[in-house]
Each structure stands twice: as C-alpha cells, then as structure tokens.
Amino acid sequence: MSATGIGAAVRRKEDFRFVTGSGQYTDDVVRPGETRAVFVRSPHAHAKIKSIDVGAARKMPGVVDVLTGAQLATDKIGNLICGWMIHSKDGSPMKMAPHPALAAAKVNCVGDAVAVVIAETYEQGRDAAEKVKVDYDVLTAVVDPAKAQAPGAPQIHADIANNTIYQWHLGDAKATAAAFAAAAHVTKLDIVNNRLVPNAMEPRAALAEYDVGTDNLTLWNTSQNPHVARLVIAAFVGMAPEHKLRVIAPDVGGGFGSKIFIYPEEVVCLWAARKVRRPVKWTCDRSEAFLTDCHGRDHVTHAELALDAQGKILALRAKTIANLGAYMSTFSSSVPTYLYATLLSGQYDIPSIYCEVDAVYTNTAPVDAYRGAGRPEATFVVERLVEVAARQMKIEPADLRKRNFIKTFPHQTPVIMAYDAGDYHASLKKALEIADVKGFAKRKRDAVRHGKLRGLGFSTYIEACGIAPSQAVGSLGAGVGLWESAEVRVNPTGSVEVLTGCHAHGQGHETTFAQLVSERLGIPFENISIVHGDTDKVQFGMGTYGSRSAAVGMSAIVKALDKVEAKAKKVAAHLLEAAEGDIEFKDGKFTVAGTDKQAAWGDVALNAYIAHKFTGQELEPGLKETSFYDPTNFTFPAGCHICEVEVDIDTGKTDIVNWTAVDDFGTIINPMIVEGQVHGGIAQGIGQALLEGAVYDKSGQLVTGSMMDYTMPRAHDLPSFHVGMTETKSPSNPLGVKGCGEAGAIAAPAAVINAITDAIGTEDLAMPATANAVWSALKRATPRQAA
Amino acid sequence: MPAVSMTVNGKAVTGDVEARTLLVQFLREHLRLTGTHVGCDTSQCGACVVHVDGIAAKSCTLLALQCEGAKITTIEGLAEPNGPLHPMQEAFRENHGLQCGYCTPGMIMSALDIVRRHGNELDEHTIREQLDGNICRCTGYHNIVKAIAAGAKNMPKASTRQAAE
Ligand code: FES
Ligand code: FES
C-alpha cells in the first residue's frame, strides 16, 4: 500500500479550505446586482387562499418585485414532480397531486409558499413580506398518518380519496399466512418510526442569474445532484431548455438526503431572476428549514415474526402507513416501498415475508429520503422483532441471531434482493469481543449498586447500497437510471483531472477518488484534482446519496482509468518503438517487456498531445476517456452494532456508556474517512432513538420548529465509539467496495432501544426515548421495575 | 445609517450599518469574510462563533453596533497569510475533525475559548460539556473531541490563559 493509495488514511485535500474559512458555500457566492428573495409562507396547515394583496408590499422601500402563484401559472411554470412510479396492489398508479412552486389556490402545510418578495436587501425583503396580505379560509387539518385515511378525515387534494397515494405490497401473502399458522411462537410489535428533521448545518440556499445576451440561466444551489436538478427543472418544470440551464453545487454543508430533492425555492429564484433581470438569492433561515426541508421516516407499523420452537424464523409480516406529507417530493414514493420492504429479511434466512404499505398525504412538510431512507425503518422492524422474540423465548439475543443468519451467498431473499457476499458471524463475533459482552453481567450488577439499570442492545443490520442497477430500478418504477459517470483527463504535463457525476458534501471525494487515481497511475496525489458539482464542466451524472459514490462513482473512474491506460500504452508503444503488446505499465512507468526501455508517465502524456511519434490516422491525439458505469447489483454492507446503556432509575435519563460498531463495507479506500462516516451515522441514529422527533399539533403547527425545541445531538449526549471492521469484498463492482455512509444511522436506533428495553424490562417504549419517556415506561411497568 | 468601527483580524474597518445589522452580517456581507457561518436563528448552533476582545461570542447574537471599538478575530484571522496553520486548525485536519466543514470555523473558535478557560490538558468529559453551544451534524463529535484535545496540547501554554474568566 502506497502512502496515498487505496487503504491509506490520507488526510483530506479539502480540509485546508474548510479550516481556514475559505470554503465556498452557496450563500458565500455573490453576483453583481444581486437581489434577495424572501418568501411569504402560510401560517396555516390547511386553507383556501381567498385573495392575496401585494399592493402595500410593492410600495415598501427597496422592493424590486412581488410575485405570486397566479403569475407562476400565467408564465406556465410547471409543477414539481415525484420521479418514482409506484403501483398499488390493484394495479392503479400512485396518485400524485399537483405541487406548484408557489401555491395559488390552496395551502396544504404550514410553510407552503404563497408569494415571494424580491428586494435590494434581505431586511427590506422581510419588511415587505410582512406587508403582503393573504386572506385564508382555514380548513381542518390532518397530521397523523394513522388518521389520514379515516372516513371523515379532511381531504387534502381534490380527487384523491382517503388521502391515499398508494396501497402497495411485496411478498407472498399466502405463504406467509401459512407459516404464521404453523408457528410455535409469534412476536408482535406496534412501532412508530418517529419523524425527523434532517438539519444539515448549512441551510438550503439558491442563487439564480439570467444572462439576457445568451438567454442562459445559472443556478448555484445546495444540491447533492446538480444534473438531476437541472433535468427536472428543465424537462418537468419547463423553466428553460436543459442546455440553457447551468446548475452549480459548490461546497455543500451536509445533505443527508435533504438536498437531493428539487424544491420550490430554487424554481422560484430562477423564474424571478429572469423576470427582474437581476440575480436573485435566497438563503433559508433555520426556522424556514424546519418547515420546508423534506423530513424523514414517519412510519406507523404493525409487525409480526413467526418462529418455530427452536427459534428458527419462519416468516415476517408488516403493515405500514407511511406519511409523505402535503406533497410528493422527488423520490418520496420509493422510500417506504423499494428501499424499505426489500430489506425486511435483515441478515436472516426467512422463507416468507409479506409487507403492505399505504402511503398517505397529511398537512405536514413533505417526507422523503433521510440518511438511510427506508433501510433504518426496515432494520428497526427486524431488529426489534428479533430481540423481543429472543427475550420472549428465553434465548440469548446473539444466539437467536446466529441460528438464523444467512450463511451462503449469493442468497435470494423473498423480497427481491439477492445478497452477494457477507459474513454475519464474523462481525457479530468481533463485536461481542470488542464490547466485552462476557463482562456485561458484572457491569449490570455494579450499576444497580449506584441506582442505575444497565442494558445491552444488538443490531445486526443490513442495507442495500451502491444504488443502483438501472434496469432493475427501472423495472421497479424509477424514472431515472442510477449509473454514474466519470471522465479522466490527463493533461500534457501528466497531471490529472477527474470529472465525476458524484457530488461531495462532507464525504471527502476529493481525497478518496484521488487515492484511487494515485494508486492506479502511480502519480503523486498532489497532481490529481477531482472536479464535481457543475453541469457546465461535468458530463451528466447522478449525484451522491444511498452510499453510492464509492461503489458506483469510483467504479466509473476505474473504467475510465482502464481506457486511459489502454490508450497510454498505445502512445508508449510508438514512443518506445515497441509492439503494443509488449508494453507494461506499473508504478507510473511504461516498460517494454524483456528490455530496459522505459518511459515515464509524464513523457507518455506529453507525447499523446504533441503527437509527433504517430500519425492521427494511427491514433487520435490526446489522453482523455469517459465512462458510464452501471452496477450489476446493489451492494450489501452489513454489520453488528452493540449499545450498552445506563438508565437512571429516578429520572429515566439514559446514558450510552459503550458503543461498538463492527461493519463490513468491503474494500476500504480510506479508513479514516470511513470511520468518520460511521461516527456521524451512529450520532444521527442515536439522535433518532433518544432525542429527535418532529411534533405537529392537531392544527398542523410544527411544535418542534427550532433548535430550541427539536433536540439535535450535542457532544455531551454521545460517547466515543469503538469502531471495528470485517471485510468481504463485494463481487458486484471492480473495487469490491460496498459503501459506508448510512450504516450508522441504519444500525443505531434498534441497538439503542433494544438496550434501554433490556435495562428497564419492558418493551413498551417509543422513540425518542427521552428521560420522560423512559421514566414513564418504568412507571407503567411497576410494581416490578420502578423504584 | 449609523457608522461602526472595529478591528477585524488586526485591520481597522468601518462601515455604515442598519441598527439591526448583526455582527455576523457585517462580517459576511460587508467585509466578505464568509468563513463565519450561520446555521440557525435561535443562538443554538455555534457556526457563527468569533472572538470579541479575545472571548468567544456568537456573532449571530450580537449587533454590529455593539462591537464598536472591539477587536474581532474570525477564522480567517487565525493563521498568518501564507504561514502555517494554527495548531487547532492543524489538529482538526490531522484528526479528521470535520466533514462538510460548515460547523468547523465555529468549532475551532469555540475550541480556542475552551483552551483559554480550561488550559492545554483537556479531558474528554470537559470538551464534550464545553461544546454545548456548538452543533455538528456530520462527525458525531468523536473526531472533534480528539482534535480539540490534540490541538490544545499543541498550543503554546501560558499565553492562552491571560484573559480573565
Ligand atoms: S448561527 Fe449563531 S448560534 Fe447558530
Ligand atoms: S462537519 Fe458538517 S456540520 Fe460539522
């Protein structure tokens, strides 16, 4: 392993700019003549708009224009769309309600934008926005997904009965029912997977500029996938032809899924910039972000597990209601279906699975993918069922898992996925050692002496990453392919630029991708640049989410590097006057087999461009290759997390006293970065389990609308983590990588709740397990547990 | 509009601001020092932390006019131009104490204040408790805690502690 090659903990290229404050995020970009957009938002969750009066606002100082949804419609700006078609059990297509970027007739959630003020300064915009008079006819709201389909519930969208978007299912209902009928033991759980607010630390922002001379529009945007944004805004919203729209996603301060989607604000900024013929910038306040960023999770589930007398799992079934909020966001339909039910087999050999999912509209912010997206919900269902079953059957939880682990690969589950590789015993074994599970009984006894209850919780999770083979997702309803692109440009001096369709917003691609190139070409790490996030520079690409950048994005780079090497060998053959077949390439040097003739990388690069040693008929000059890589399968990262907690009997406060994570991510490119991804994921998972939860009151007001009310995990809420790795290579891509971005968030919630319920001796505990929730659960479980 | 004068990163600056202009707006929009970030509107996240007369302060919660005559240091002022990084900046890089980098300037400025108040030998518990005003969504804090402990060790001793508690 070289110091900067694959497997080295190389320090990140991007950090110098970030630790010196010289990163460039969207709000840092300033264009000459820039104006500021301030949105007028609905204070009501559900209301008809009777009238909007912008007269007074227009007269305010510094106001350039005030625009409404009626004008948007007149200008024929199209609706936002959801790009993944789901069909109901009865074959009918999902019911997608129109989602205009500015509401003209009706608002469906608090924060729905009804008008926008364009002003010289932000303050002037805010002052004017307060003068926009909107007359509402307030309607009854529904916010609880479990109540959205009830007879008499308020109907949110015309023609969409019972607020039901689809009623979908997966698996074999009959076989599953038969297995349950024959089971020796059945475990049943009612689960609420709590609604989360992503809260990337950089709030969303958009800056749009119109060039009158060329009729081109440019959008700087906090996006995880600028090409997809451009495609949707061009082809569906109809803002401009695709080639007249440039989208730049500069440094982006975290995404976690929430910056995948196409949002109303960027559409409005583009539209307004063309109307006022000046650049228009919008930067989200955190309060606005709480109301308008797509939220995550929000499932209500009843789940059951059937086992035989020996603890062998026979079948699993689940019925879930998924809240998609007021409108269908870009990929929302896929999250509670193909990203959820397909993972309900966990790490286990389960003969029959059946899952039904109803997706509903409510008067809440749209819900879409948030770190893990469907897979944390699935893992929570599976790992809670397995843990509770073990307790009920008086089998050690680790032991019950072992009895049911999948041992041979490939393994076809009953819910679409074909797991390609893994060793679930290995990660469990290593985790048991690191967590010193043997010593737990003593630690538990010691804890009692100082008034604490200790508990241990496991989560042996699986996820499907490396999203995804285009044909496969196409057959499941995806409106796009999920390949990735790469272009490797070798310059005449031998330095290299890699243009990738992936987008980094914290993942460190500038470092890891350069490690790959450094290893393959044997050139210094410093001589490699990774270019991403600008549709004018980079060929079409699909962006970064679903832990796909290593498995899919880097595979595209490998393919392009293969082509570069092949072409460079041809050039070297001319340069060294040898047969192409005799050229060998290693450590940045071209040699001729059996001779001492050699050429350095830089010589070959230069010769490719000066083209003095060959004719253009023999070989095209230049050294630049492109590849579009479509994966052959998903990848299946898996592992075992063990959480140890101490619960204070008097207050219910939970302390996480030990966290062990052993993950199998296949080949590791940079262990430092991978561990960082694991840490961050676990923190978000612990946040979901202990602290975070978006709460709407009955009228549809977001009660947890700021960081004072919504508990973000802070440093003192979390422990340091013990992170270990096992490795089985993914056979589904050339590097053998699997992806690591979501594992922690997927594994953690079940481990935490399994640990707390172990400590307090009752399963009756919902997330977030705040001190109050745990204390109340202890009380309910009296007289046995409460002090 | 009233005028305000202060020293920012060793340079005297003046500007005309509205009475309601926040220090962070003055830094970012008037002076174009965009290393100081805004992550919330309720004084919770610490992305905006700078030093005002040597003490950490949330620049989103101060009016520019309150800083008349003050000495402000922002993330841009920590290292000499073209000089080496400040030990705390270096420690964040060395320990992978950042991912997206958005919280990082505020984290580093807060870390320096922790060293000022608690000295160069910081245990994990102290660091975690003292980071109460800074939120990071990416790192899970594990490597931030390591970075601050390492950076504190590598900083010059006495000189960091003179400001009164
Ligand atoms: S921006 Fe100052 S505390 Fe969040
Ligand atoms: S590094 Fe992204 S918020 Fe801290």
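Residues numbered from 1 in each chain as written. Chains lettered and ligands numbered in written order. Predicted model: local features only at pLDDT ≥ 70, side-chain atom pairs only at ≥ 80, totals over all residues. Heavy atoms only, no water.

### Section: the interface of chain A and chain B
Counting residues at the interface gives 55 residues for chain A, matched by 47 residues for chain B. Contact with chain B buries area across many residues of chain A, yet Val 19, Met 201 and Arg 714 of chain A alone supply 16% of it, more than any other trio. In this structure, the connection of chain A to chain B is made through six salt bridges. For Asp 127 of chain A, the salt bridge goes to Arg 20 of chain B, with nearest N and O atoms at 2.7 Å. Joining chain A to chain B, the criterion identifies 31 residue pairs in polar contact (both at pLDDT 80 or more). (Contact = heavy atoms within 4.5 Å. Buried area = accessible area lost by both parts, 1.4 Å probe. Salt bridge = Lys/Arg side-chain N within 4 Å of Asp/Glu carboxyl O. Polar contact = N/O pair within 3.5 Å; in protein donor to acceptor, adjacent residues only side chain to side chain.)

### Some points on the domain arrangement of chain A
Residue and element names in this part refer to chain A. Partitioning chain A into structural domains gives domain 1 (30-139 + 198-292), domain 2 (419-463 + 634-787) and domain 3 (483-629). Using only C-alpha atoms to locate each centre, domain 2 and domain 3 end up separated by 41 Å. Contact with domain 2, which involves 16 residues of that partner, is made by 15 residues of domain 3. Looking at the side of domain 2 facing domain 3, the largest losses of area belong to Ile 669, Pro 734 and Leu 735, adding up to 39% of the total buried there. At the junction of domain 2 with domain 3, the criterion picks out zero salt bridges. (Domains from an automatic or database assignment.)

### What to know about the pairing of strand E2 (residues 47-53) of chain A
When a strand is regular, its side chains alternate between the sheet's two faces. All names here are of chain A. Across two bridges, the pairing between E2 and strand E4 (residues 106-107) is antiparallel. When the bridges of E4 are listed, Lys 48 appears paired with Lys 106. One ladder, built from six bridges, connects E2 with strand E6 (residues 133-138); its direction is antiparallel. Residue pairing across strands places Asp 53 opposite Lys 133, the latter belonging to E6. (Pairing = 2+ DSSP bridges. Helix = DSSP H or I, 4+ residues; strand = E, 2+ residues; numbered from the N terminus.)

### Here we look at the domain arrangement of chain B
Residues and elements named next belong to chain B. Once the domains are mapped, chain B shows domain 1 (3-76) and domain 2 (87-154). The interface of domain 1 with domain 2 comprises 18 residues on the first partner and 14 residues on the second. Taking both sides of the interface into account, the surface hidden between domain 1 and domain 2 amounts to around 1,200 Å²; carbon and sulfur atoms contribute 59%. It is His 37, His 51 and Ile 75 that lose the most area in domain 1 upon contact with domain 2, and together they represent 38% of the buried surface on that side. Linking domain 1 with domain 2 are zero salt bridges. Joining domain 1 to domain 2, the criterion identifies eight residue pairs in polar contact (both at pLDDT 80 or more). The class makeup of the residues in the side of domain 1 that touches domain 2 is eight nonpolar, nine polar and one charged. (Nonpolar A, V, L, I, M, F, W, Y, C, P; charged D, E, K, R; others polar.)

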